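An overview of the molecular structure
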Amino acid sequence: MNEEEKVEKKKGSSRKILRRLLIPLLLLIALIGGMLVGYVVVGGRDIGSAFDYRTWKHIFDLVFAP
C-alpha cells in the first residue's frame, strides 16, 4: 500500500465518522426546530413552556390516551 492509498483510506474513514455524527445532529436540530415552530409559532404558546417536561407529558398522555 503506497502513501496515496493510505491518505485516501484515512480520509474516507474520517468522512464516515463525520457522517455518523453529523446526520443525527442535524436530525436533532430539525426535531427541536420543528417543535419550536409548531408549539410557539403555530400554537401561540410561550417558548419557555416548549421545553417543559410537564407540557410534553401532557401531550403524550393526550395522544396515547385509551
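Residues numbered from 1 in each chain as written. Predicted model: local features only at pLDDT ≥ 70, side-chain atom pairs only at ≥ 80, totals over all residues. Heavy atoms only, no water.

Looking at an unreviewed UniProt entry, the protein carries the name DNA-directed RNA polymerase subunit beta, with the source organism given as Paenibacillus gallinarum.

1. Regarding the confidence of the model for the protein
Put simply, the rule reads: The predictor rates its confidence in each residue with pLDDT, a number between 0 and 100. By definition, any uninterrupted DSSP run of H or I lasting at least four residues is a helix, any uninterrupted run of E lasting at least two residues is a strand, and each is numbered from the N terminus.
Taken over all residues, the pLDDT of the protein has a mean of 83, while the share at 70 or more is 82%. Mean pLDDT across the elements of the protein ranges from a minimum in helix α1 (residues 3-42), with 81, to a maximum in helix α3 (residues 53-63), with 90.

2. Focus: the pattern of salt bridges
The line we're drawing: The salt bridge definition used is simple: a Lys or Arg side-chain nitrogen within 4 Å of an Asp or Glu carboxyl oxygen. Buried, partly exposed and exposed residues are distinguished by accessible area as a fraction of the type maximum, computed with a 1.4 Å probe on protein chains only: under 20%, between the cut-offs, and over 50%, respectively.
Counted according to the given criterion, the structure contains two salt bridges. Of the charged contacts in the structure, one is a salt bridge between arginine 54 and aspartate 52, with a shortest N-O distance of 3.3 Å. The exposure class assigned to arginine 54 is exposed, which follows from its relative accessible area of 62%. Classification of aspartate 52 as partly exposed rests on a relative accessible area of 24%.

3. A word on a nonpolar patch on the surface
The line we're drawing: Only residues whose relative accessible area exceeds 30% and that form no salt bridge are eligible for patches; like-charged ones are grouped when within 9 Å, while nonpolar side chains (Val, Leu, Ile, Met, Phe, Trp, Tyr) are grouped when within 5 Å. In this description, accessible areas are obtained by the Shrake-Rupley approach with a 1.4 Å probe, and a residue is regarded as covered only by the protein chains that are shown.
A grouping of Leu18, Leu22, Leu25, Leu26 and Ile29 is seen on the molecular surface, where their side chains present a nonpolar patch of about 480 Å² in accessible area. Of note, leucine 25 is situated in helix α1. Classification of leucine 25 by relative accessible area gives partly exposed; the value is 46%.

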